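Examining the three-dimensional arrangement
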Amino acid sequence: MVALCLLACPLAHAAGVRVEIRGVDEELRANVLAYLSFERYKKGGADLNADTIERLHNRVEREVQSALRPFGYYEPQVESSVGDLGHGEWRVTININPGKPVLVAHIDVRVDGSGENDPLFQRILRHLPLHDGERLNHTAYESIKTDLQRTAATYGYLDARLIRNELVVDPPNRKANIALELDTGERYHFGATSIRQSVISDALVRRYIRYHEGDAFDLTQVLRTQFALDDSQYFSNLEVLPGDPDRSTHIVPVNIHADPSRRHRYSFGAGYATDTGPRGTFGFEDRRLNSRGHSFSVEVQAAQVTKYSLQTRYNVPIGDPAVEKLTLGGTVEQRELADVTTRTLSAGPSITEVTGSWQHVWLLTGMRTTGEDLNGSRTDRLLVPGADLASVPKGYLGEALFEHPFFAELRGSHAALGSDANFIQLHVQAERVFRLGRKWHLLLRDEVGASLVSRFSQLPTVFRFFAGGDNSVRGFAYNDLSPTEAVCARSSTGQFLRNPNGSCQAIAQYIKVGGKDVITGTVEVIRDLPKNFGIAAFFDYGNAFDSFAQLARKCSPAAAQQQVCTSLQYSVGIGLRVRLPVMTLGVDIAEPLSEQCSPATQSSPAGCRRPGPRLHINFSPKL
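Each value, and the rule that gives it
Residues numbered from 1 in each chain as written. Predicted model: local features only at pLDDT ≥ 70, side-chain atom pairs only at ≥ 80, totals over all residues. Heavy atoms only, no water. Pairing = 2+ DSSP bridges. Helix = DSSP H or I, 4+ residues; strand = E, 2+ residues; numbered from the N terminus. Axes fitted to C-alpha atoms, helices over the stretch in contact; angles between N-to-C directions. Contact = heavy atoms within 4.5 Å. Buried < 20%, exposed > 50% of the residue type's maximum accessible area, 1.4 Å probe, protein only. Polar contact = N/O pair within 3.5 Å; in protein donor to acceptor, adjacent residues only side chain to side chain. Disulfide = S-S within 2.5 Å. Parallel < 35°, antiparallel > 145°, perpendicular 65-115°, else oblique. Left-handed = near helix turned anticlockwise from the far one by under 90°. Nonpolar A, V, L, I, M, F, W, Y, C, P; charged D, E, K, R; others polar. Core = buried A, V, L, I, M, F, W, Y, C linked by side-chain atoms within 4.5 Å.

**What to know about the sheet that holds strand β7 (residues 189-196)**
On the basis of which strands lie adjacent, the open sheet formed by three strands has the order β7-β9-β8 and mixed pairing. The sheet is open, and its two borders are formed by β7 and β8 (235-242), each paired with just one other strand. Pairwise comparison of adjacent strand axes, ignoring direction, gives a mean angle of 15° for this sheet. Here β7 pairs with strand β9 (residues 251-260) via six bridges, running parallel. Across the sheet, residue H189 finds its bridge partner in β9, namely I251. Here helix α9 (residues 219-231) sits on the sheet in contact with β7, β8 and β9, set at roughly 170° to β8.

**Quick notes on the environment of S81**
Along the chain, S81 turns up in strand β2 (residues 77-86). Its relative accessible area of 39% is what places S81 among the partly exposed residues. As for S81 and I94, which are separated by 13 residues in sequence, their C-alpha atoms are 6.7 Å apart. When sequence neighbours within four positions are dropped, the list of residues in contact with S81 reads H57, R91, V92 and T93.

**Observations concerning helix α2 (residues 26-35)**
If you check which residues of α2 are buried, you get L28, N31, V32 and L33. A side-chain oxygen of the first residue of α2 lies 3.2 Å from the backbone nitrogen of E27; this N-cap is D25.

**Considerations on the sheet that holds strand β4 (residues 103-112)**
The sheet built from three strands is open, its strands ordered β4-β6-β5 with mixed pairing. Each having just a single partner strand, β4 and β5 (161-170) make up the two edges of the open sheet. Between one strand axis and the next, the sheet turns by 5° as a mean value, whatever way the strands run. Here β5 pairs with strand β6 (residues 175-183) via nine bridges, running antiparallel. What sits directly across from V168, in β6, is N177. Sheet strands touched by helix α7 (residues 138-154): β4, β5 and β6. Its angle to β5, the strand with the most contacts, is close to 175°.

**Structural notes on the state of the cysteines**
As enumerated under the stated definition, the model contains one disulfide in all. Each disulfide pairs two cysteine sulfurs, and for C488 the partner residue is C504, the sulfurs being separated by 1.7 Å. Between C488 and C504 the disulfide shows an S-S torsion of about -75°. By sign, it is left-handed. Residue C488 is located in strand β21 (residues 484-488), and its partner C504 is located in the loop between β21 and β22 (507-512); the two are separated by 16 residues in the primary sequence.

**Notes on the packing of α2 against helix α5 (residues 60-68)**
Running from amino to carboxyl end, α2 crosses α5 at an angle of 130°, the nearest separation of the two axes being 8 Å. Accordingly, the angle class assigned to the pair α2 and α5 is oblique. Along this stretch, α2 crosses α5, giving a crossing that reads as right-handed. In this structure, α2 uses L28, N31, V32 and Y35 to contact α5, whose residues at the interface are E63, V64, S66, A67 and L68. Of the residues contributing to the contact of α2 with α5, the split by class is six nonpolar, two polar and one charged.

**Digging into the environment of G468**
Position of G468 relative to the elements: it lies in the loop between β20 (440-453) and β21. The spatial distance from the C-alpha of G468 to the C-alpha of D275 is 9.2 Å, given a sequence separation of 193 residues. Leaving out residues up to four positions away in the same chain, G468 has contacts with V473, F476, A477, Y478, N479 and L481.

**Side note on the nonpolar core**
Of all hydrophobic cores here, the largest spans 28 residues; its most connected members are L229 and F235. Only β7, α8 (202-208), α9, β8 and β9 provide two or more residues apiece to this core. When residues of this core are assigned to their parent elements, the largest contribution, four residues, is made by β9. Here F235 is in contact with Q197, V199, I200, V205, L229, A258, D259, P260 and S261, once residues within four sequence places are set aside. Counting residues in each nonpolar core, the second largest holds 23 residues, with F71, Y73, V78 and I94 among its members.

So, in C-alpha cells, the structure goes:
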C-alpha cells in the first residue's frame, strides 16, 4: 500500500496542461506562452477542472492576438482545441497563422536643441533598429525612445523631453508611421565637489575623481569615481551622488560621503592544483598607515612546489592613485624547479603606471639566489633592472585582473651593476578567447621566452624556463619539460669521477635544470553546457630548450644524449569546466602525442617512451 501511494503521488502531481503551439517561430511562440493564462495556471500549480479549462480556453484567441501585436501581426488567425487525456491531464493545441505583418511606412526620428550634433545622439540616429519597409516591432520602437531618454539623462541633458512621440498603426492597410522628436535643452556641467570623510586627506580623494569642475556632466564618470574610490579599500558606505541641478546656471554639484573601512584585513586560504599540490596561504594587510594612503601587506604561502614564500609590500599612491603606485617589496622563498632547489632573497622598488590600455611596471630588484642540485650549488648576487608591459581593459581602475591578453617582461643584469651574472631575458605571453557561436568558444594561448647569456651556467636557475603542467603543455608534469644536465658517478669516497677535461668518466643520471628559451601554446575549444558547466577539447605544444637553433621536430636518442637538438612536445585531451562566481575550475585528462627520449646513464641505456595520460586540476579566469 505504501509503495502504491508513493507511485500515485508523483502521477497526481504531474497532472496538468500540455500546450502545443504551431505555425510560428520560436520568438513568437515564447511570447505567446508568456501571454497564455494556461501557462500561468500550470506554473502556479493550481488544480484544473473542466469549467476552469473551458474558461481559460475562451481567452486563447484574445491572448494570442495580444502576444503577436508587438511583432507587427495585427490580424492573426487562431484555431485552438482542448483534449481530455484523462487522469487530470489536458492537451491544448493552438494553430496560428500570423498573417501578413504591418510594415513601417515611414520613420522620422529627430534630435533638436544643443545636443543636435552631439555624437552620442548621432550614433543612435545612425543605428536605428527600425527602418522604412521593415516589419513593425514595438520593442524596437520602445528601445529608440529609451535610448534617447537614457542618453540625455546620462550625459547632462537634464531638461530633455520628447515633444513628439507618435506610433500610428493602420492594420487594414498593414502600415505604420513613427515620429519621435527629442528636444535636448541645454547641457549641464559639473559644479563643485564636496567631500565628507575623515579617512585620508581630501587632496588624495580628489585625485581619484574621474571628472573636473566645468566638464560637461557625465554620469558614467560619477560612477567611475565611485568604483575607483571603492577599489581603494579605504572606505565603507561610500556614496558619490550628483546634487540637485541648478536650472539657471546649468550646473550639477557632486557630493562624496564615506566612512572608514576596517583598517586591518586578515585572509586565510587553502587549495589544491596538480601543479602546486596542496597549498595554504595567510595574508595580513594594513590598508591605511597614514592620511596619505600608504598601505602595507604580508603574504605567507606554502605548497608542494613553493616550499615557503614570504612576500611583503609597502605601497605609496602616486599620480593617479587608482592605477599608479610606488611599491617597495621584499620576498623570501624556496622553490622546487624540476630537479633544482632554489632559495631566493630579493627586495627593491617598482613603479606602476597606466597609459591608455597599457600598464607599465618599472622594477629594480636586488637579490641573492642559490640554486642547488646533485652537481652542487651556486649562489649569485644580482642587481636586476626590469620592465613589465601588460594590456588592461578600457577604463581600467586598478581592480585585480585574472588574466592579461598580452603580457611581456624584460629582465637583465650585468657585472657593471655589481652582479655575478650577465644576461638579458624577454618573456612574452598572449591569450585570446574568440566567441564561435552562442555556446562555443575558442581559446588561443602562446608563450615565448628567450635569454641572451654568454654561458648557460651563468644564468641563475630562478631565471631559467621550464614547460609542462596545468597552464602549459598538459600531459606532462609541472616543469617536466626541460634540458638535462649529466650527474657524474661518484667514487667510494663520494668524489665525482671526472676526466682531466672535466667530462664524466661515467654518468650516474641526468637531471632537469631548465633552459634559456621556451615556446608553448594551446588551442582549446569549449562548449557551454547547462548549469554553469562546460566541456573542452584541447591541443598543447611546447618545450624548454637551450637554443632556438636546436629546435627540431625529430630528435634521435643519440642526438638527445649529445644535447645537440631538442623537439617540441605535443599533447591532446578533454576537460570539464565548472564556472564558479569569479573563476573556472578545470579538470583535464591529457595524453602526450610525442615520446620523451632520455640519454644513456650508468644504470640504464638510452631510450624513448611515451608517458601515459595525466590528470590536471586547476583554476583559471572565468570563461
